[in-house]
Amino acid sequence: MTTIELKRVANTIRQDIISMLVTAKSGHPGGSLSAADIVATLFFNEMRINPQDPRWADRDRFVLSKGHAAPVLYSALAEKGYFPKAELQGLRQTGHMLQGHPDMKKTPGVDMSTGSLGQGLSAANGMALAGKLDGKDYRVFALLGDGEMAEGQIWEAAMAAAHYKLDNVTAILDLNGLQIDGATDSVMCSAPLTEKWRAFCWHVIEVDGHDVDSLRAAFAEAKTVKGKPTIIIAKTVKGKGVSFMEDQAGWHGNAPSVEQGEQALKELREEAANLG
């Protein structure tokens, strides 16, 4: 896709997120919106996948470690054609397949059920190691939240990935600086993250997580790295694209009202119009 096309997809994903959460009256807008450009670039430019065959053995895998940001993944899957977009309006509703956190047994395109924070990188490692053992060339991508950096299991997984030289693993850290209780540095400071990941023997790339060209270049670079895993530290803004949600911890897990949703969609539609 071209840069403009990827920006349009990211904008559409953000509109979907707002619409889903307004209908559901619950969910997590902040971290879903911050990850839209990352997920759009992955699913529409980088990953080798086939919506007509969700369990294709040679597909690239994606693990949404920050499982509460499920709306961003669901929108990407629907836009990609894994299931009808009408399903998005069933988010978090009884009898529908789109749960509050991803469920690999119910939702086409979901490679791992997630939600218990800190566990996604371990799952990604397992998939990557299996690929190595089976002689497969697929790649595994894991999207992490910066609040997860306080989880010990993340660092155990980081050590394991480096030890087993899992160069088919690429982690992406959605570094928006906020979690449910406030600023991540205040809740549990994990800085300096770049130095820590390098000390754990990972190849580290730092990018603007809302610049799709920089993201594309980062994924291309990760593909060339051999003998070690790669982490892309993507600086983002929580609630990106909606003025009253941006950089506000209060929008971590609160759904917008109908009126707030209308305002958010108005802003996003204006942004889309300006893209041309």
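Higher on the page you've got the structure.
As the structure is a computational prediction, the values presented were derived from the model and not from experiment. Here, residues in each chain are numbered from 1, in the same order as that chain's written sequence. For a predicted model such as this one, the threshold for reporting local features is a pLDDT of at least 70, and the threshold for listing and counting side-chain atom pairs is 80 or more; totals across whole chains, interfaces and linings nevertheless cover every residue. Neither water nor hydrogens contribute to the side-chain values; these are computed over all heavy atoms in the structure.

(A) Spotlight on the overall build of the protein chain. A count of helices and strands for the protein chain gives 10 helices and seven strands. Every radius of gyration here is taken over C-alpha atoms, with the globule rule written as 2.2 Å times N^0.38, N being the number of residues. Its C-alpha atoms give the protein chain a radius of gyration of 17 Å, near enough to 19 Å, the size a compact globule of 276 residues would have. Relative accessibility decides the category of a residue: with a 1.4 Å probe and only protein chains considered, values under 20% of the type maximum give buried, values over 50% give exposed, and everything between is partly exposed. A burial count over the protein chain gives 54% of its 276 residues as buried. Residue pairs at least 24 apart in sequence account for 76% of intrachain contacts in the protein chain once pairs closer than 6 positions are excluded. Each helix corresponds to a stretch of at least 4 residues labelled H or I by DSSP, and each strand to a stretch of at least 2 residues labelled E; elements are numbered beginning at the N terminus. By definition, residues are in contact when any of their heavy atoms lie within 4.5 Å.

(B) Geometry of the nonpolar core. One finds Ile18, Leu42, Phe43, Phe62 and Ile172 to be the most contacted residues of the largest nonpolar core, which totals 55 residues. With residues up to four places along the chain from it excluded, the contact list for phenylalanine 43 reads Ile49, Phe62, Leu73, Ala76, Leu77 and Lys80. Residues belong to a common nonpolar core when they are buried Ala, Val, Leu, Ile, Met, Phe, Trp, Tyr or Cys residues joined through side-chain atoms within 4.5 Å.

(C) Focus on the pairing of strand β1 (residues 61-64). Along β1, one buried face is formed by Arg61 and Val63 and the opposite face, lined by Phe62 and Leu64, is buried too. As defined by bridge partners, β1 adjoins strand β2 (residues 140-145) across four bridges and the pair is classed as parallel. By the bridge assignment, leucine 64 is partnered in β2 with leucine 143. Pairs of strands are assigned from DSSP output, requiring at least two bridges between the strands.

(D) Examining the environment of glutamine 119 more closely. Here glutamine 119 shows up in the loop between α4 (70-80) and α5 (120-134). Separated by 37 residues in sequence, glutamine 119 and glutamate 156 have C-alpha atoms that sit 10 Å apart. Look past the residues within four positions of glutamine 119 in its chain and what remains in contact with it is Ser65, Glu148 and Gln153.

(E) Fine view of the side chain of asparagine 168. Topologically, asparagine 168 is positioned in the loop between α6 (152-163) and β3 (169-175). Two N or O atoms count as a polar contact when they lie within 3.5 Å, although within protein this holds only if one can serve as hydrogen donor and the other as acceptor, and sequence-adjacent residues are included solely when both atoms are side-chain atoms. Looking at asparagine 168, its side chain comes within polar contact range of the main-chain oxygen of alanine 128, at 3.0 Å. Not counting chain neighbours up to four residues away, the residues in contact with asparagine 168 comprise Ala128, Lys132, Tyr138, Arg139 and Val140.

(F) Spatial organisation of the packing of aromatic side chains. In this scheme Phe, Tyr and Trp rings, the latter by its six-membered ring, pair at centre separations within 6.5 Å, and the angle between planes marks the pair as stacked below 30 degrees, edge-to-face above 60, and tilted otherwise. Applying the stated criterion to the full structure yields six aromatic pairs. Ring centres 5.3 Å apart and planes at 75 degrees place the aromatic pair phenylalanine 43 and phenylalanine 62 in the edge-to-face group. Here phenylalanine 43, found in helix α3 (residues 36-46), pairs with phenylalanine 62, found in strand β1; they are 19 residues apart in sequence, far enough to count as distant. Note on accessibility: phenylalanine 43 and phenylalanine 62 belong to one class, buried. Arranged with centres 4.9 Å apart and planes meeting at 75 degrees, the rings of tryptophan 197 and tryptophan 202 form a pair that is edge-to-face. When sorted by exposure, tryptophan 197 lands in the same class as tryptophan 202, which is buried.

(G) Expanded view of the pairing of strand β6 (residues 203-208). Bridging between β6 and strand β7 (residues 230-235) involves six bridges; their strand directions are parallel. The residue bridging valine 204 from the neighbouring strand is isoleucine 231, located in β7.

(H) View of unusual backbone geometry. Cis geometry is found at the peptide bond from alanine 191 to proline 192, where omega equals 0 degrees. As for its position among the elements, proline 192 is in the loop between α7 (184-188) and α8 (193-199). We note that lysine 25 has phi near 65 degrees; this positive angle belongs to a residue other than glycine. Phi at cysteine 201 is positive, roughly 70 degrees, even though this residue is not glycine. Relative to the elements of secondary structure, cysteine 201 occurs in the loop between α8 and β6. The exposure class assigned to cysteine 201 is partly exposed, which follows from its relative accessible area of 44%.

(I) Main features of the sheet that holds β7. Spatial strand order, β1-β2-β3-β7-β6: five strands in an open sheet with parallel pairing. Across the chains shown, the open sheet's two edge strands, defined by having one partner strand only, are β1 and β6. Between one strand and the next, the sheet's axes are offset by a mean angle of 20 degrees, whatever the strand orientation. By the bridge criterion, six bridges tie β3 to β7 in an arrangement that is parallel. Bridge pairing in β7 places alanine 171 opposite isoleucine 231. Note on geometry: axes are C-alpha line fits, over the in-contact stretch for helices, and angles between N-to-C directions span 0 to 180 degrees. Packed on one face of the sheet, helix α9 (residues 212-224) meets β2, β3, β6 and β7 and runs near 170 degrees to β6.

(J) Highlighting the pattern of salt bridges. Whenever Lys or Arg places a side-chain nitrogen within 4 Å of a carboxyl oxygen from Asp or Glu, that contact is recorded as a salt bridge. Under the counting rule described, the total for this entry stands at 13 salt bridges. The residue aspartate 137 makes a salt bridge to arginine 48 at a minimum N-O spacing of 2.8 Å. On the criterion of sequence distance, the pair formed by aspartate 137 in the loop between α5 and β2 and arginine 48 in the loop between α3 and β1 is long-range, its members being 89 residues apart. The exposure class of arginine 48 is partly exposed, given its relative accessible area of 31%.

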